[in-house]
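# Structure assessment
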Amino acid sequence: MSEIIIRLQQLIEDKSWKIVKQELNNLDSVQIAEIIADIPKSDQIILFRLLPQELAKETFKRLSHDEKEDIIEGLAVNINVVTSLLNDLDPDDRTAFFEELPGEVSQRLMQILSDEEREITTKLLGFPKDSIGRLMTPEYVAVRPYYTVEQAINHIRKFGQDSETLNVIYIVDDNWKLIADIRIKEIILASANQTIGELSDNRVISLNAYDDQEVAVKIFSDHDRVALPVTDTNGTLLGIVTIDDVMDVAEEESTEDFQKFGGTEGLDLSYTKTSLSEMVKKRAGWLVVLFLGEMLTASAMGHFDEEIEKAVVLALFVPLIISSGGNSGSQAASLIIRALALGELKLKNWWYVMRKEILSGLLLGSILGVIGFTRIFIWQELGLYDYGEYWVWVALSVSVSLVFIVLWGTFSGSMIPLMLKKIGLDPATASAPFVATLVDVTGLIIYFSIAAMFLSGKLL
């Protein structure tokens, strides 16, 4: 092998490219990978670029991580070759390779790719789905802290043409570590001989490429920015995210939450672009779960069939009872889910929420209980319906049941989203139909239990 290496290096020195290509075609990828490992970096790039496409792909797979990194840096001037190499790696090899890439290498790769290739590369770089890394663009301007204002302005003129925004300029060190950001206004108004470091306060708000996109929405909302820098875990500047991209994310998240709260899975496309089969698939799962849950309602009523048979009047108020509980639960769930989404509530506030919702449930239930009692009283007195000689006890059963069922619905609707968030699930999954179904079943048990207590020895 050493003889082959010496011969190839001599041919490279003589610039006998055609003979080098012929020599390489007589070797397999394993042998070429061994040769690349034993020759200087400058020769590695030349030799690799002379390989036929298929042989280059096979050889690249067999290189060590450091060798792959050197090859990509050396080929950075040829976008098509780099993109081809990245796309042709096996997914597991590609992910493993990118996960170990230093931030500055990732940053250089992002800079050289076209929009279409960049979109592919952000996925290849191992950024999780729905992470900030999938949103960022490398179209920004960065300067060094030792640049004078005059040098910085010349740099901005040279590289700012395609920048996503020029309102903010980013300050990085020679390894592309983010130091600070500075508004273009401060640079323009400063003296030409001042350095950027002298103008900077060395403070910056940045996003982590691996954080969820909802984090970006919250930070943009809190700090009222038009763009924010994105770094890796080591603080290397990888790109920026602009407010328009974040607003799109906020709209998508809100839409998904609304869909989940309505008892359906989030749609991947808009309503008009979602096919009939996909729409049915997204909605059927929840409907089946809710239907099975409502079957428990029939089971609950079956358990009290003797009471219903003896006091048929109790059945008249079943829809009233269960709908009140479900409505109160849906109200509480929607308020808590929205408060969690806006960051107004945290898990640590669960005791505050519980106390507030218990008091709310008691007051709301009492209001409905009074209305329910009044309704039965008026109908009885006006002769619109005869509830029998024990109508007062029937009215008490209904009104007291309303208090406890509304209380239970409010409590359930407020606590379930917090419980889901605690175990790492989306609180929006505590949809209105889900809470209503839960309260329907338990509400019947509460209603008939209270009715049995008030009417025992009378109608029952």
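Our subject is the structure that appears above.
Structure report, in brief. (Residues numbered from 1 in each chain as written. Predicted model: local features only at pLDDT ≥ 70, side-chain atom pairs only at ≥ 80, totals over all residues. Heavy atoms only, no water.)

### Notes on the environment of I337
- Residue position: I337 is located in helix 18 (residues 318-341).
- Here I337 falls in the buried class, since its relative accessible area comes to 10%.
- Measuring from C-alpha to C-alpha, the distance between I337 and K421 comes to 9.8 Å, with 84 residues separating the pair along the chain. (Helix = DSSP H or I, 4+ residues; strand = E, 2+ residues; numbered from the N terminus. Buried < 20%, exposed > 50% of the residue type's maximum accessible area, 1.4 Å probe, protein only.)

### A word on the environment of T437
- Here T437 shows up in helix 21 (residues 432-455).
- Along the sequence, T437 and S323 sit 114 residues apart, while their C-alpha atoms lie 9.8 Å from each other.

### Quick word on a nonpolar patch on the surface
- Taken together, L316, F377, I378, W379, L382, L384 and Y385 make up a surface patch of nonpolar side chains, about 660 Å² in accessible area.
- Owing to a relative accessible area of 30%, W379 belongs among the partly exposed residues under this scheme. (Patch = residues over 30% accessible without salt bridge, like charges linked within 9 Å, V, L, I, M, F, W, Y side chains within 5 Å. Areas by Shrake-Rupley, 256 points an atom, 1.4 Å probe, with all protein chains shown as cover. Salt bridge = Lys/Arg side-chain N within 4 Å of Asp/Glu carboxyl O.)

### Considering the nonpolar core
- Grouped together as the largest cluster of nonpolar side chains are 23 residues, with contacts concentrated most on V20, L24, I32, I35, L47, F48 and L51.
- In terms of nonpolar packing, the next biggest core, distinct from the first, is built from 22 residues, F317, L402, I405 and Y447 among them. (Core = buried A, V, L, I, M, F, W, Y, C linked by side-chain atoms within 4.5 Å.)

### What about the pattern of salt bridges?
- Enumeration over the complete set of coordinates arrives at four salt bridges.
- As a salt-bridge pair, D174 and R144 come within 3.8 Å of each other at their nearest N and O atoms. Of this pair, D174 sits in the loop between strand 2 (168-172) and strand 3 (178-183) while R144 sits in the loop between strand 1 (142-143) and helix 11 (149-159), and the two are 30 residues apart along the sequence.
- A salt bridge links R203 to D201; its shortest N-O distance comes to 3.3 Å.

### A look at the packing of aromatic side chains
- Counting across every chain of the model gives seven aromatic pairs.
- Between Y146 and Y147, the ring centres sit 5.6 Å apart and the planes meet at 75°, which makes this aromatic pair edge-to-face.
- Taken together, a centroid distance of 5.7 Å and an interplanar angle of 70° make the contact between W350 and W351 edge-to-face.
- Stacked on the ring of W176, the Lys or Arg R144 has its end atom at 5.1 Å from the ring centre.
- When the ring centre of W379 is taken as reference, the NZ or CZ atom of R375 above it lies at 4.3 Å. (Phe/Tyr/Trp six-rings, centres within 6.5 Å; stacked < 30°, edge-to-face > 60°. Lys NZ or Arg CZ within 6 Å of the ring centre and 35° of its normal.)

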